[in-house]
Amino acid sequence: FDYALARSGLLLFGWGLFKKVVVADRLALCVNTVYGDVHAYTGLPLLIATYLYALQIYFDFSGYSKMAIGLGRMMGFEFPQNFDQPYRSQSVTEFWRRWHMTLSAWLRDYLYIPLGGNRRGAARTYANLGVTMLIGGLWHGAAWNFVLWGGLHGVLLASERLRGKRSLYAGLPAAGRRLVLRRRAEGRERRSAEIRAVVARGRAWHLLVHPCGRGLAVVHRPPVAHHPPVGKAHRPLQIGVEHLRVA
C-alpha cells in the first residue's frame, strides 16, 4: 500500500466527481431543457445552450476520465492523461492532440498508421485521415449525425495538412485575416447588442439556480405590466365585450 499514491488518486477521483456531478450534470439540465423543445425558444437561449453544451461534454468526459485515472492510481495503476485544455487549441489538428487523447492515440496507432499513414503520398494521406475520422465518428454511435461529424473533422484535418499551416485561418492572406477578425468583432458586438436589448425589454431568458436543488434551468421571465395605483383618483379602465363596436 502506497499512501501517497492512494491520497493522490483519491483527490483526483474527487475532482473528477465534482466536474461530472456538480458541473456537467447541472449544465445538462439547462441544455436538455432547451434542446428538448428547440421550437419553443428564440435565438439567444439556443446560443447559450449551445455554448453550455460544449462545456457540458467537456466536463462530463474529462470528469469521468479523472475518476478512472484516480481509481487506477489508488490501486497502483497509472493511466495516461485524457484531456489537456482542448478548448485552448488554435486549430483542429491541435484540438485532437488535446481532446480525448487516448482515443486519438488508438485511432492513430490502430487505424491511421495501418492504413498507411502519410507514407504513401499526399492523396493517400488525405484519404487515410478521412477514413480514420469516419470510423471515429461511428465509434461514438451508429448514426448518420456521427458519420457526418467524423467526415467533417476529417475534411478539416486534411485541409489543414494540405495548406501546411496550423489552421485554415493562418493560411489566409493578410486581407482575409483582417476580414475574419472584423467579422468576428462585428458578431460579438451584434450579440452584445441583442443581449442588452433583450434584457432592457425585460423579456430575457435567464439561467437561474433554484434553491430547492433542481440545479440550472431556463426560466422565462414575462414582461411586467405597470399599472397606476388603484384609488379614488386612479381606477383601471374596464372594457367589456358589450362596449366594443365595429366601425
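Nothing here was measured: the structure is a model prediction, and the numbers come from that model.

### Comments concerning helix 5 (residues 122-140)
Item 1. When the terminal C-alpha atoms of helix 5 are compared, their 28 Å separation across 19 residues agrees well with the 27 Å that a helix rising 1.5 Å per residue should span.
Item 2. For helix 5, the complete set of buried residues consists of Thr125, Asn128, Leu129, Thr132, Met133, Gly136 and Gly137.

### Observations concerning the packing of aromatic side chains
Item 1. Following the criterion strictly, the structure yields 16 aromatic pairs and no others.
Item 2. With a centroid separation of 6.0 Å and 35° between ring planes, the pair formed by Tyr87 and Trp99 is classed as tilted. Taken as a pair, Tyr87 in the loop between helix 2 (43-74) and helix 3 (92-98) and Trp99 in the loop between helix 3 and helix 4 (101-112) lie far apart in primary sequence, twelve residues in all.
Item 3. The class for Tyr87 is partly exposed, based on a relative accessible area of 42%.
Item 4. Pairing Phe95 with Trp96 gives two aromatic rings, centres 5.8 Å apart and planes at 85°, and the pair type is edge-to-face. Here Phe95 matches Trp96 in class, with each residue buried.

### Quick look at the environment of Arg161
Item 1. Relative to the elements of secondary structure, Arg161 occurs in helix 6 (residues 144-163).
Item 2. Given a relative accessible area of 41%, Arg161 falls into the partly exposed group.
Item 3. Put simply, Arg161 and Thr125 are 36 residues apart on the chain and 9.4 Å apart in space, counted from C-alpha to C-alpha.
Item 4. Discounting residues that sit within four places of it in the chain, Arg161 has contacts with Tyr112, Asn118, Thr125, Tyr126 and Leu129.

Procedures and definitions
Residues numbered from 1 in each chain as written. Predicted model: local features only at pLDDT ≥ 70, side-chain atom pairs only at ≥ 80, totals over all residues. Heavy atoms only, no water. Helix = DSSP H or I, 4+ residues; strand = E, 2+ residues; numbered from the N terminus. Expected span 1.5 Å × (residues − 1). Buried < 20%, exposed > 50% of the residue type's maximum accessible area, 1.4 Å probe, protein only. Phe/Tyr/Trp six-rings, centres within 6.5 Å; stacked < 30°, edge-to-face > 60°. Contact = heavy atoms within 4.5 Å.

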